[in-house]
Amino acid sequence: MALDPETFDLLKSTLQRFVREKLVPREDEVAETNGIPADIRAEMQELGLFGLSIPEAFGGLGLGMEEEVNLAFELGKTSPAFRSLLGTNNGIGSQGLIMDGTDAQKQNYLPKLASGEMIASFALTEAEAGSDARSLRTSARRDGNDFILNGTKRYITNAPHAGLFTVFARTEDPDNPVGSITAFLVEAGTPGLSIGPVDKKMGQQGSLTSDVIFENCRVPASAVLGEKTGQGFRTAMKVLDRGRLHISAVCVGAAERLIADSLDYAMERKQFGQPIAEFQLVQAMLADSRAEAFAARCMVLETARAKDRAEVVTTDAACCKMYASEMVGRVADRAVQIHGGAGYMSEYAIERFYRDVRLFRIYEGTTQIQQLVIARNMIKQRKSEL
C-alpha cells in the first residue's frame, strides 16, 4: 500500500464526507446545468483527488490498485459526472504517460494532472473504430521533425475542458502496409485541433463528451508518447486493466447507493397498511441486489490485490468489468421497480441513476468485448498447458 493504514482510513473517511455532504446535494444541479460547479472542482483539487494514482514524485498520492478501488467505491455513490471529471487524470488519461512516457514528458505533464490544473483526455474512439481499435483512421504523416495529424475522434470524455489529449493515430511503418498505431501527447489550443459540440446523451449529464477534430494539426516528434512510434496500440491495451477495475468499482458504489435508496424507500412507503419492505417479493429484489453487489465488490477487491502483487490480471479485470457493469444495470432496474411509479419520476435520483449506469456496459470495452477477451485468454491459457 502507498499509504499507511491510518492515513488511508483518514483519506477514505474524508472522501466519504465529501461525497455525502458536498456532492450528493449538488447532483440535481449538475444534471440541470450539464456541468460540474467550479467550487466543487476546486475542492476536488484541494483534496488531491486528481492525483490519486499518479506517483508521489510527480505530486500525486501514488495509490495502489486496492486503495484506488476502495475510493472508487465511495465515488460511485454519487453522480458519475463527478468521478468522470477526475477519472481520466487518474486512469486512461495518465496511465499511458506513467507507463510509457519519457522522463521529460512525465515531468512536464504529470504534476499538472495530479494537481487538477490540467484535465487529461484519452482520444482513441472513432466513428468506425470503437471496440475495433485497430481500425482507426486518424493519420499522422511525418513531415521533417514534425507529424501532421488528420482525423476525427468521437465520444471523447472531458474533451470540452481537457488540456492534454493522448491521441492515437496511424503512422507509416515499412514493415506494415497499413501502418502502425502511435500515441501522441497533444495540448489543447494546438493549431489544427478543434472540439465539436458537446454531445447530448441519454444520461451522465455533467460528464462532457464531444468530437475531437484534427485538421493538418502539426505536432513535434517529441509529442510521440515515449518518443517511440508504433507502440500506441500496446499502450492503449496496457492501461485498460486498471481502467476496467476502476470502472468496476464505480459500478459497485453506484449499486450500493441504489440499494440504500431502495431500502429506505421500501421501509417508508406503505401499501395495504404496512411498509412494502415487509412484502416478500420486495425483499427478494433487495436481497438479489445485495448479493450481486457483494459478489462484484469481492471480485474487484481480489483482482485489485492481485494487480498490486504485479500479477497479470487482464482476464480477471475483464471479468470484473463485465459482471459489475451488468450487475449495476440489474440493480438499477430493480430499484425502479421497488419505487414503482416514483422510480420513473425525475424528482427521484433513481430515475437518473437508471439512465446513468447504462453507459458502464459500453465504455472502456463493451460487455461483448469483455466476453471475447475472457474467452480468448481462456483458450490461449489452455493451449499453453497442453
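That block above? That's the structure.
Below: a short report on this structure. Note that the structure is a prediction, hence the values are computed from the model and not measured.

Some words on the packing of aromatic side chains
Then, in step 1: One pass over the structure, following the stated rule, counts five aromatic pairs.
Then, in step 2: Between Phe272 and Phe279 the ring centres are 6.4 Å apart and the planes differ by 65°, which places this aromatic pair in the edge-to-face class.
Then, in step 3: What makes Phe272 exposed here is its relative accessible area of 77%.
Then, in step 4: Assessed through its relative accessible area of 23%, Phe279 is described here as partly exposed.
Then, in step 5: Here the basic side chain of Arg297 rests over the ring of Phe73, its NZ or CZ set 4.1 Å away from the ring centre.

A short note on the pattern of salt bridges
Then, in step 1: Under the defined criterion, the tally for this structure stands at 27 salt bridges.
Then, in step 2: The shortest N-O distance in the salt bridge between Asp146 and Arg218 comes to 3.1 Å. Taken together, the residues span a long stretch of sequence, with Asp146 in strand β3 (residues 146-157) and Arg218 in strand β7 (residues 209-220) at a distance of 72 residues.
Then, in step 3: On the basis of relative accessible area, Arg218 is assigned to the partly exposed category, the value being 40%.
Then, in step 4: The salt bridge involving Glu326 is made with Arg361; its shortest N-O contact spans 3.4 Å. Placement of Glu326 in helix α10 (residues 314-339) and of Arg361 in the loop between α11 (349-356) and α12 (367-385) is noted, with a sequence separation of 35 residues between them.
Then, in step 5: We classify Glu326 as partly exposed; its relative accessible area is 21%.
Then, in step 6: Residue Arg361 is classed as partly exposed on the basis of its relative accessible area, which comes to 24%.
Then, in step 7: Because the salt bridges share partners, they merge into one network encompassing Glu27, Asp28, Arg257, Asp261, Arg352 and Asp356.

A word on unusual backbone geometry
Then, in step 1: Even without being a glycine, Asn158 presents a positive backbone phi close to 70°.
Then, in step 2: Relative to the helices and strands, Asn158 resides in the loop between β3 and β4 (164-173).
Then, in step 3: One non-glycine residue, Glu227, lies in the positive phi region at around 55°.
Then, in step 4: With respect to the element layout, Glu227 can be found in the loop between β7 and α8 (232-268).
Then, in step 5: For Glu227, a relative accessible area of 52% translates into the label exposed.

Focus on a nonpolar patch on the surface
Then, in step 1: Side chains of Tyr344, Met345 and Tyr348 sit close together on the surface and give an oily, nonpolar patch of about 350 Å² of accessible area.
Then, in step 2: Within the secondary structure, Tyr344 sits in the loop between α10 and α11.
Then, in step 3: For Tyr344, a relative accessible area of 70% corresponds to the exposed category.

What about the nonpolar core?
Then, in step 1: Formed by 34 residues in total, the largest nonpolar core has its most connected members in Val69, Leu258, Val300, Met327, Val328, Val357 and Phe360.
Then, in step 2: Those elements that place two or more of their residues in this core are α4 (65-75), α8, α9 (280-308), α10 and α11.
Then, in step 3: Dropping the residues within four chain positions of it, Val328 is found in contact with Cys251, Ala254, Ala255, Leu258, Val357 and Phe360.
Then, in step 4: In this structure, Ile98, Ala114, Leu136 and Ala183 belong to the second largest nonpolar core, which totals 24 residues.

Cut-off values and rules
- Residues numbered from 1 in each chain as written.
- Predicted model: local features only at pLDDT ≥ 70, side-chain atom pairs only at ≥ 80, totals over all residues.
- Heavy atoms only, no water.
- Phe/Tyr/Trp six-rings, centres within 6.5 Å; stacked < 30°, edge-to-face > 60°.
- Buried < 20%, exposed > 50% of the residue type's maximum accessible area, 1.4 Å probe, protein only.
- Lys NZ or Arg CZ within 6 Å of the ring centre and 35° of its normal.
- Salt bridge = Lys/Arg side-chain N within 4 Å of Asp/Glu carboxyl O.
- Helix = DSSP H or I, 4+ residues; strand = E, 2+ residues; numbered from the N terminus.
- Patch = residues over 30% accessible without salt bridge, like charges linked within 9 Å, V, L, I, M, F, W, Y side chains within 5 Å.
- Areas by Shrake-Rupley, 256 points an atom, 1.4 Å probe, with all protein chains shown as cover.
- Core = buried A, V, L, I, M, F, W, Y, C linked by side-chain atoms within 4.5 Å.
- Contact = heavy atoms within 4.5 Å.

Take it as geometry only, folks, not as evidence of what the structure does.
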